[in-house]
Amino acid sequence: MQTLKIGTRKIGTRGSPLALAQAHETRVRLMKAHGLPEQAFEVVPISTSGDRIQDRPLSEAGGKGLFTKEIEEALLDGRIDIAVHSSKDMPTVLPDGLELSTFLPREDARDAFIGKGVKRIADLPHGAKVGSSSLRRQALIRRMRPDFEVVMFRGNVQTRLRKLDEGIAEGTILAYAGLKRLGLEGVITDLMPLEDFPPAPGQGAIGIETRVGDSDIENMLAAIHHAPTGQALACERAFLAALDGSCRTPIAGHAKVSGGKLSFAGLIISPDGTEWHDVRLEGKAADAAEIGADAARTVRARAGEKFFDGWL
Ligand SMILES: NCc1[nH]cc(CCC(=O)O)c1CC(=O)O
């Protein structure tokens, strides 16, 4: 075990209940891995622009970076030592001097369905309202059931559940991982199959951002890094990075890693759910990023360049 320098390590996070749960999970893993008491780590909640903008889709307001800007400034300034994120919410390009260096063992990456009065999404009546603000989920819902009315649904998990109770929609889809971390898996009425309803790149994986070259922190985090999750994420993020010119094209991607092998499934889909292109690739886990980039080239070639600017 590495000997750590004295002093409290500051764990930066968004202030939402899910973000705090993820920061606490990180803290507990660090305490156990290093035999350190709770006081060795402090969780520092930071409010971000993404948390404050509630009135329009984030893709219009400026995209994923809105959830990370203020936290990354704190990391660069040294006000915090590490930043804990949902990998799914992380832009593919990070500010100079920062890296996503550590991943905790991934939770089940599937989406979960929460039905009101029905168990499965297929049981909803013709024309039912399904709530989601995610472009990917909206497109996948429309592909599955063109008769449904997709309604805008933002806010944290608790807010969305309240909207369901109020009858604004008859069902909604959220990440299983987030519900589980909040102790809310009891509200789930079904899990969406990976094949019909592929998750967002990074879904279910907690990622930790650090300053490049901060060797003290790197040593500390090495003890909690989960290498297979890191490889899966390298693949999914390479796929996203190679496609993600705008965040208006819904993109799904999921890599499974086991026994040094990686298998990846990726999908791009039009927001109306009528046109999609998918890809499956397998290879060595050590080639994770190349597999993701290859998969992106394949779907890009299948879709044609026009596919990507058709929805602006
Ligand atoms: N965009 C919000 C967000 N970011 C990460 C999660 C869930 C946790 C995860 O995927 O790790 C969620 C909520 C959701 O999609 O239901």
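Fair warning: this is a prediction, and the values are worked out from it, not measured in the lab.

**So, the overall build of the protein chain**
Step number 1: Across its full length, the protein chain holds 11 helices and 13 strands.
Step number 2: Based on the C-alpha atoms only, the size of the protein chain along its principal axes is roughly 60 × 45 × 35 Å.
Step number 3: Each of the 312 residues in the protein chain was classed as buried or not, and the buried ones make up 42%.
Step number 4: Considering only residue pairs separated by 6 or more positions, the protein chain has 70% of its internal contacts joining residues 24 or more positions apart.

**Thoughts on the domain arrangement of the protein chain**
Step number 1: Split into domains, the protein chain comes out as domain 1 (1-105 + 205-225), domain 2 (111-191) and domain 3 (226-303).
Step number 2: Computed from C-alpha coordinates alone, the two centres of domain 1 and domain 2 are separated by 28 Å.
Step number 3: Counting residues at the interface gives 8 residues for domain 1, matched by 10 residues for domain 2.
Step number 4: With 4 residues, the single largest contributor to the side of domain 1 that touches domain 2 is helix H1 (residues 17-34).
Step number 5: Residue composition of the side of domain 1 that touches domain 2, grouped by class: 4 nonpolar, 4 polar and no charged.

**Topic: the nonpolar core**
Step number 1: Counting 71 residues, the largest nonpolar core has Ala112, Cys235 and Leu262 as the members making the most contacts within it.
Step number 2: With 8 residues, the top contributor of residues to this core is helix H9 (residues 227-243).
Step number 3: Sequence-distant contacts of leucine 262, defined by excluding residues within four places in its chain, comprise Gln231, Cys235, Ala255, Val257, Glu282, Gly283, Lys284, Ala285, Ala288 and Ile291.

**Here's the deal with the site of the ligand**
Step number 1: Taken together, Ser86, Lys88, Asp89, Leu174, Ala175, Ala177, Gly178, Gln203 and Gly204 are the residues near the ligand.
Step number 2: Only strand S8 (171-175) and helix H7 (176-181) provide two or more residues apiece to the shell around the ligand.
Step number 3: Split into classes, the residues belonging to the shell around the ligand amount to 3 nonpolar, 4 polar and 2 charged.
Step number 4: Two domains each donate at least three residues to the shell around the ligand, and these are domain 1 (1-105 + 205-225) and domain 2 (111-191).

**A few points about the sheet that holds strand S4 (residues 98-103)**
Step number 1: With mixed pairing, the 5 strands of this open sheet are ordered in space as S2-S1-S3-S10-S4. A single partner strand is all that each edge strand has here, and the edge strands are strand S2 (41-45) and S4. Averaged over all neighbouring strand pairs, the angle between strand axes comes to 30 degrees, with direction disregarded.
Step number 2: Looking at chain direction, strand S1 (residues 9-13) and S2 are connected through 5 bridges and run parallel. Its bridge partner being in S2, glycine 12 is matched across the sheet by valine 44.
Step number 3: Contacts from helix H8 (residues 215-222) reach strand S3 (82-86), S4 and strand S10 (206-211), with the element oriented near 160 degrees to S10.

**What to know about the environment of methionine 31**
Step number 1: As for its position among the elements, methionine 31 is in helix H1.
Step number 2: Through-space distance from the C-alpha of methionine 31 to that of isoleucine 224 is 10 Å; in sequence the pair is 193 residues apart.
Step number 3: Discounting residues that sit within four places of it in the chain, methionine 31 has contacts with Leu36, Pro37, Glu38, Ala40 and Phe41.

**A few points about the sheet that holds S8**
Step number 1: The 5 strands lie next to each other as S7-S6-S8-S5-S9, forming an open sheet whose pairing is mixed. Here the strands that pair on one side only, and so sit at the sheet edges, are strand S7 (149-151) and strand S9 (190-191).
Step number 2: Judged from the 3 bridges that link them, strand S6 (residues 129-131) and S7 form a sheet pairing that is parallel. Bridge assignment links lysine 129 to a residue of S7, and that residue is glutamate 149.
Step number 3: Seen against the sheet, helix H5 (residues 135-144) touches strand S5 (111-115), S6, S7 and S8 and runs at an angle of roughly 165 degrees to S7.
Step number 4: Here helix H6 (residues 157-165) sits on the sheet and contacts S5, S6 and S8; the angle it forms with S8, its principal contact strand, is near 165 degrees.

**Describing the confidence of the model for the protein chain**
Step number 1: Counting all residues, the mean pLDDT for the protein chain is 92, and 93% of those residues have values of 70 or more.
Step number 2: Two summary scores accompany this predicted model of the complex, namely pTM at 0.93 and ipTM at 0.97.

Analysis parameters
- Residues numbered from 1 in each chain as written.
- Predicted model: local features only at pLDDT ≥ 70, side-chain atom pairs only at ≥ 80, totals over all residues.
- Helix = DSSP H or I, 4+ residues; strand = E, 2+ residues; numbered from the N terminus.
- Buried ≥ 20, exposed ≤ 12 C-beta atoms within 10 Å, placed from the backbone.
- Contact = placed C-beta atoms within 7 Å.
- Domains from an automatic or database assignment.
- Nonpolar A, V, L, I, M, F, W, Y, C, P; charged D, E, K, R; others polar.
- Core = buried A, V, L, I, M, F, W, Y, C linked by C-beta atoms within 7 Å.
- Near = placed C-beta within 6 Å.
- Pairing = 2+ DSSP bridges.
- Axes fitted to C-alpha atoms, helices over the stretch in contact; angles between N-to-C directions.
- pLDDT = per-residue confidence, 0-100.

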